[in-house]
Amino acid sequence: MNAKPRLVWFDANRVFAAFGVVLIHASTDFGGKAFPDATSGERFIPVFLRSIGEFSGSEMFFMFSLFLMAMRVDKKMPSYGAAISTQAQRLLVPFVFWAVFYAFFRLLKADAFNYAPYIWAQLGDAKNWFGYLILGKSQYHMHFLPTLFALFLFYPVMRAATRYPVLGLTLVATLGVMNNTQAFLWGLDLDPTLRDYLIRAVKIFGYVGYGMAAFAIYGLWKDGIPRGESRLIRRLGLYCAAFAYIATLPFFYTAYDTGSWGVRSDWDFYGHFLMPVFVFFIFMGGQFLQWSPRWTQLARYTFGIYLVHPLLIDLYDIALFKSGLFESMSPALIVILRFAFALPASFALAMALDRFKPLAWTIGLGPNPWEMYKSRSSVGA
C-alpha cells in the first residue's frame, strides 16, 4: 500500500480538528464565558459540549501543521532560509489580512452590544496594533498563525525526533516548564503589555514540544507501522484520550458549578494539552481502515474554516441579540443552534473563497497577490 491513500486518516484528523475548534468557540455565551448568569443545570449542556470540542482544538492544528512540516523537510530537504521563507509566505501573508480584517470587523458586534467606543479606542492606539500584528490579538483565534510560524523556526531541533521518536516525550517536560513559568509571570507586577509578550515567548518554547511529538510521530509513520501494531496504537490512543478527558473533569466541573472557566492546573492542565497527541494516535492507528476520500476533499478547507468561523459566530450572535429571541432561549439551544449554523457556514465560506481565486490566498488555497500579478504579466508578455 502506497503512502498517499494511507494519509486519508490524517485528512480525517484535520476535519475532526475543525469540528472541535468550532464547537469550542460556539459553546459560550455572547462574551465567551460559561453562562455565569444561568443556573448550573442550564450550563450543563454548553459545558459538556465544550469538553467534547476540546478532544480536538487549536493545539491539534499545531500538531498536524508540524506533521506536514516534518514531511516537507524530510522529502525536499530545503535550506533553512528557503523553508522559513516559504512558511512566511504561506502563514504571515494571510495572517496580516485577517488580523486587519478582524481588528475592524469586531466593530459590528461591538456596535450591536454597545461597546463600540471601547473598540474604537483600541484601534486608535498604536500599541494595540503591535499586539494585533505580532501576537494576533485582533481576535481570539488569530494567535495561531504567528505562533505556528515561530514554531517553524525551531524545525531543525524538531528533526532529531524523526530519527529518535522517543524525543517526542519531551512534550511533557516543555508543557510543565511552560505552565510553571507562565504562572510565575502572572504573579509578577509587570506591565500588561510586556507580560503578554513574555507569556507568548514562553508559550512558543513550550509548544516546541508539539513539534517534537509531531516529528516523532512522522518518524514512526514513515518507518511503517504494520496493521496489527496500528490496532494497538489505536487502542492505546483511545484509552489515553479517555483518561485525559477524565483528568479535565475538575476544570469543567468548575465551569458547570460557577459559570467561570477557571484556570487549568495540575493534571487537568496535562489532560487538556496532551489530548492532541492521543487523538493523533487514534487516527494514525486507524490508517488501514476504509476511509472515504471525502475526508481529503473536506480537509482542503480546514485552514479556511479555522480562519473564518469566528466571523460567522459573531454574525449569529448579532442576529440573535438584535432579534431578542435569546431572552426566551436556553443556553443549550443558543449553543446548539450557533454550532449548527457556524460549522456548515464556515465550510461554505471557505469553499466560496477557494472558488473566488483573487481571495483564495487568504485561506492558503491560492498564490499570493504578487504571484498572481507575475503570472498575469508573463501571460500578457
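Residues numbered from 1 in each chain as written. Predicted model: local features only at pLDDT ≥ 70, side-chain atom pairs only at ≥ 80, totals over all residues. Heavy atoms only, no water.

When you look at the overall build of the chain in this model, what are you seeing that I'm missing?
Counting its secondary structure elements, the chain contains 18 helices and zero strands. Computed over C-alpha atoms, the radius of gyration of the chain comes to 21 Å, within 12% of the 21 Å expected from 2.2 N^0.38 for 381 residues, which places it in the range of a compact globule. Judged by the C-alpha coordinates and their principal axes, the chain covers about 60 × 55 × 45 Å. Across the 381 residues of the chain, 52% fall into the buried class. The long-range fraction of contacts in the chain, counting pairs at least 24 apart against all pairs at least 6 apart in sequence, stands at 81%. Within the structure as shown, the chain displays about 17,900 Å² of accessible surface, and the carbon and sulfur contribution to it stands at 67%. (Helix = DSSP H or I, 4+ residues; strand = E, 2+ residues; numbered from the N terminus. Rg over C-alpha atoms; globule rule 2.2 N^0.38 Å. Buried < 20%, exposed > 50% of the residue type's maximum accessible area, 1.4 Å probe, protein only. Contact = heavy atoms within 4.5 Å. Areas by Shrake-Rupley, 256 points an atom, 1.4 Å probe, with all protein chains shown as cover.)

Would you take a moment to explain the pattern of salt bridges for this structure?
Between side chains of opposite charge, pairing is possible as soon as their charged atoms come close. A complete count under the given rule lists ten salt bridges for this structure. D11 serves as the salt-bridge partner of R14, at 3.2 Å between the closest nitrogen and oxygen. With a gap of three residues between them, R14 and D11 both fall in helix α2 (residues 8-26), about one helical turn apart. Salt bridges sharing common partners tie together K109, D314, D317 and R338. (Salt bridge = Lys/Arg side-chain N within 4 Å of Asp/Glu carboxyl O.)

Is there a simple way to think about the packing of helix α4 (residues 58-76) against helix α13 (residues 266-285) in this case?
Pairs of packed helices are described in terms of their axes, by the angle between the two and the distance that separates them. The contact between α4 and α13 brings their axes to 9 Å, and the two run at 45 degrees. Relative to α13, α4 is oriented oblique. As α4 runs across α13, the sense of the crossing is right-handed. Contacts from E59, M60, M63, F64 and F67 of α4 reach α13 at H272, F273, P276, V277, V279 and F280. Split by residue class, the contact of α4 with α13 holds nine nonpolar, one polar and one charged. (Axes fitted to C-alpha atoms, helices over the stretch in contact; angles between N-to-C directions. Parallel < 35°, antiparallel > 145°, perpendicular 65-115°, else oblique. Left-handed = near helix turned anticlockwise from the far one by under 90°. Nonpolar A, V, L, I, M, F, W, Y, C, P; charged D, E, K, R; others polar.)

Any chance you could explain the confidence of the model for the chain here in plain terms?
For the chain, the average pLDDT comes to 92, and 96% of its residues sit at 70 or higher. Across the chain, element-level confidence peaks in helix α16 (residues 331-355) with a mean pLDDT of 97 and bottoms out in helix α1 (residues 3-6) with 48. Overall, residues 1-5 carries pLDDT values under 50, and its contacts beyond four positions in sequence, including any with other chains, amount to three contacts. (pLDDT = per-residue confidence, 0-100.)

Even after reading the chapter, I still don't get the side chain of D354, so can you show me in this structure?
Tracing the sequence through the fold places D354 in helix α16. Ignoring anything within four residues of it in the chain, the contact list for D354 reads R300, Y301, A360, I363 and L365.

How do you make sense of the nonpolar core when you look at a structure like this?
Most often, soluble globular proteins have nonpolar side chains that are buried together. In this structure, W9, M63, L66, F67, W98 and F280 are the most contacted members of the largest nonpolar core, which totals 95 residues. Of all the elements, helix α11 (residues 192-223) adds the most residues to this core, at 14 residues. Within the second largest apolar cluster, 13 residues are counted, among which are A38, L49, F113 and I318. (Core = buried A, V, L, I, M, F, W, Y, C linked by side-chain atoms within 4.5 Å.)

Even after reading the chapter, I still don't get the packing of helix α9 (residues 155-163) against α11, so can you show me in this structure?
Contact pair α9 / α11: the axes reach a minimum separation of 7 Å and the direction vectors enclose 40 degrees. Between α9 and α11, the interaxial angle falls into the category oblique. Both α9 and α11 take part in a crossing whose hand is right-handed. Every residue of α11 that contacts α9 at Y155, V157, M158, R159, A161 and T162 is listed here: V208, G211, M212, F215, A216, Y218 and G219. Here the residues of the contact of α9 with α11 sort into nine nonpolar, three polar and one charged.

Is there a simple way to explain a nonpolar patch on the surface in this structure?
Taken together, the side chains of V96, V100, F104, W120, F130, L133 and I134 make up a nonpolar region of the molecular surface, amounting to roughly 660 Å² of accessible area. Elements that contribute at least two residues to the nonpolar patch include exactly α5 (80-112) and α7 (126-135). In this structure, V100 sits in helix α5. Residue classification places V100 among the partly exposed positions, given a relative accessible area of 33%. (Patch = residues over 30% accessible without salt bridge, like charges linked within 9 Å, V, L, I, M, F, W, Y side chains within 5 Å.)

Where do I start with the environment of T147 in this structure?
Summarising the element assignment, T147 is placed in helix α8 (residues 144-152). With 57 residues separating them along the chain, T147 and I204 place their C-alpha atoms 6.5 Å apart. Each residue touching T147, except ones within four places of it in the same chain, is listed here: F62, R200 and I204. One polar contact links T147 to R200, side chain to side chain, over a distance of 3.4 Å. (Polar contact = N/O pair within 3.5 Å; in protein donor to acceptor, adjacent residues only side chain to side chain.)

Explain the packing of aromatic side chains here, please?
Aromatic ring pairs are defined here through the distance separating the ring centres and the angle between the ring planes. In total, this model carries 50 aromatic pairs according to the counting rule given. Between F44 and F48 the ring centres are 6.1 Å apart and the planes differ by 5 degrees, which places this aromatic pair in the stacked class. With a gap of four residues between them, F44 and F48 both fall in helix α3 (residues 40-53), about one helical turn apart. For F44, a relative accessible area of 48% translates into the label partly exposed. With relative accessibility at 37%, the residue F48 sits in the partly exposed group. Lying across the ring of F113, K109 places its NZ or CZ 5.6 Å from the centre. (Phe/Tyr/Trp six-rings, centres within 6.5 Å; stacked < 30°, edge-to-face > 60°. Lys NZ or Arg CZ within 6 Å of the ring centre and 35° of its normal.)

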